[in-house]
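# Observations on the three-dimensional arrangement
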Amino acid sequence: YLAGVIAGEIANSFVSEILDGIEDALNEKNYNIILVKNKTPGDIPEKCRFLNEKKVDGVIVISNMYKDYADYFDEIKFRKPTVFIANNIKMPGAGSVSVDGSRIGFLAAEHLIGLGHRHIAVAESPASDRIEGIRKAFSTNRIGNPEITMLKKYSSFEDGRLALDEILKKHPEVTAVIAHSDIVASGIIYEAREKGIRVPEQLSVVGTDNIEMAKMLSPSLATVHQPKAEQGGLAASLLLEMMEGAS
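Figured I'd write up the structure that's included with this text. (Residues numbered from 1 in each chain as written. Predicted model: local features only at pLDDT ≥ 70, side-chain atom pairs only at ≥ 80, totals over all residues. Heavy atoms only, no water.)

## Considerations on the overall build of the chain
A count of helical and extended segments in the chain gives eight helices and 10 strands. Expected size for 247 residues packed as a compact globule is a radius of gyration near 18 Å; at 19 Å, the chain falls within 12% of this value. Counting only C-alpha atoms, the chain reaches 55 × 35 × 30 Å along its principal axes. When the 247 residues of the chain are sorted by exposure, 51% land in the buried category. Taking as baseline every contact in the chain between residues at least 6 positions apart, the subset at least 24 positions apart corresponds to 70%. When the accessible area of the chain is evaluated, it comes to approximately 12000 Å², of which 48% is carbon and sulfur surface. When the 28 positive and 34 negative side-chain charges of the chain are each reduced to one mean point, those points stand 4 Å apart. (Helix = DSSP H or I, 4+ residues; strand = E, 2+ residues; numbered from the N terminus. Rg over C-alpha atoms; globule rule 2.2 N^0.38 Å. Buried < 20%, exposed > 50% of the residue type's maximum accessible area, 1.4 Å probe, protein only. Contact = heavy atoms within 4.5 Å. Areas by Shrake-Rupley, 256 points an atom, 1.4 Å probe, with all protein chains shown as cover. Lys, Arg positive; Asp, Glu negative; His and termini not counted. Charge placed at Lys NZ, Arg CZ, Asp CG, Glu CD.)

This is how it looks when you write it as structure tokens:
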């Protein structure tokens, strides 16, 4: 038996921990894995064609791009059992495993509100459900008209560095940042150090994922935990059920 896995930045430890969960669950059932990397949603048709040629029995897609993939799969008439580890997936017949993004946003914002921050920047996709959770944290704490600044860069370490530049140039009132991931948060902290900004004394930063690298930062990074291997294991279990039902 053979399963395909399409993933974004494989070197990212968030993705690698999800892959560990997928591999453990599939190997237990004697499934082998073909892993392919995609950089943008537009790569999906090419990757699916490749996996079709390899005669995979099903596919898991790991993505945080907040895209609706239905059109890409329809384009190549891909009909193998498919499970997404992502948010905002609305593809008929596909399975999906995701965390509660709104809860992640709420916990991150509530932590910063508790520290007294009122001007918060968010390095996150505008389509993310985490934004709803951030706003809910302000309303729950009875803070009207919250000052939430959406940053344009939110995907990588370099984006984190650019996000810090954007704050300094355009949003000097910001005292705290919620980052899309620990990787982005690391970029923000790195650039802050380069510019002589003290974290957390002058700027508080909260990441998401709780990857191993977050523990190595100085100062240590406040982060919202995600159950990464568990997501991978659940996605693999769901795919196995779908493949068995299709056979």
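## As for the pattern of salt bridges
Applying the stated rule across the entire model yields six salt bridges. Across the pair D165 and K195 runs a salt bridge whose closest N-O atoms are separated by 3.1 Å. Of this pair, D165 sits in helix α6 (residues 157-170) while K195 is found in the loop between α7 (182-194) and β9 (204-209), placing the two residues 30 residues apart along the sequence. Looking at K195, the relative accessible area reads 40%, which means it is partly exposed. Of the charged contacts, one joins K195 and E191 as a salt bridge, the two residues approaching to 2.4 Å between their closest N and O atoms. Here the residues in one salt-bridge network are E158, R161, D165, E191 and K195, joined through shared partners. (Salt bridge = Lys/Arg side-chain N within 4 Å of Asp/Glu carboxyl O.)

## With respect to the environment of G4
Locating G4 in the fold gives a position in strand β1 (residues 2-7). Owing to a relative accessible area of 0%, G4 belongs among the buried residues under this scheme. Distance in space between the C-alpha atoms of G4 and V61 is 8.4 Å, their sequence separation being 57 residues. Not counting residues up to four positions away in its chain, the partners in contact with G4 are I34, L51, V56, G58, V59 and I60.

## Comments concerning the pairing of β9
The buried count for β9 comes to six of six residues, which makes it a mostly enclosed element. Where strand β8 (residues 176-179) meets β9, three bridges bridge the pair, whose relative direction is parallel. Within β9, the residue paired with I178 across the bridge is V206. Handedness of the β-α-β unit built from β8, α7 and β9 comes out right-handed. Bridge count between β9 and strand β10 (residues 222-225): four bridges; the pairing is parallel. Bridge assignment links T208 to a residue of β10, and that residue is V224. (Pairing = 2+ DSSP bridges. Right-handed = clockwise from strand over helix to strand, strands pointing away.)

## What to know about the packing of helix α4 (residues 101-114) against helix α5 (residues 130-140)
Direction vectors running N to C along α4 and α5 enclose 40°, while the axes themselves pass 6 Å from each other. Judged on the interaxial angle alone, α5 and α4 are oblique. When the axes of α4 and α5 are compared, the crossing they make is right-handed. Here G101, S102, I104, G105, F106, A109, E110 and I113 of α4 come into contact with α5, specifically with R130, E132, G133, I134, K136, A137, F138 and T140. Tallied by class, the residues present in the contact of α4 with α5 amount to seven nonpolar, five polar and four charged. (Axes fitted to C-alpha atoms, helices over the stretch in contact; angles between N-to-C directions. Parallel < 35°, antiparallel > 145°, perpendicular 65-115°, else oblique. Left-handed = near helix turned anticlockwise from the far one by under 90°. Nonpolar A, V, L, I, M, F, W, Y, C, P; charged D, E, K, R; others polar.)

## Some details on the nonpolar core
In this structure, I22, I60, I62, V177, I188, L203 and V205 are the most contacted members of the largest nonpolar core, which totals 43 residues. If you tally residues by element for this core, the top one is helix α1 (residues 13-28), at seven residues. The residues contacting I188, other than those within four sequence positions of it, are G160, R161, A163, L164, V177, A179, L203 and V205. Counting 19 residues, the second largest nonpolar core, distinct from the first, contains A109, I120, I131 and V224. (Core = buried A, V, L, I, M, F, W, Y, C linked by side-chain atoms within 4.5 Å.)

## Looking at α6
Over its 14 residues, α6 extends 20 Å from the first C-alpha to the last, a length consistent with the 20 Å expected when each residue adds 1.5 Å. Taken together, the buried positions of α6 are D159, G160, A163, L164, D165, E166 and I167. Tucked into the core, α6 has its buried residues touching β6 (119-123), β7 (147-150), β8 and α7. (Expected span 1.5 Å × (residues − 1).)

## With respect to unusual backbone geometry
Leave glycine aside and you will find that most residues have negative phi; peptide bonds, for their part, are mostly trans. With omega at 10°, the peptide bond leading from V199 into P200 counts as cis. Residues S218 and P219 are joined by a peptide bond in cis, for which omega reads 0°. Within the secondary structure, P219 is located in the loop between β9 and β10. Of note, the phi angle at N30 is positive, near 65°, even though the residue is not glycine. You can see N30 is positioned in the loop between α1 and β2 (32-37).

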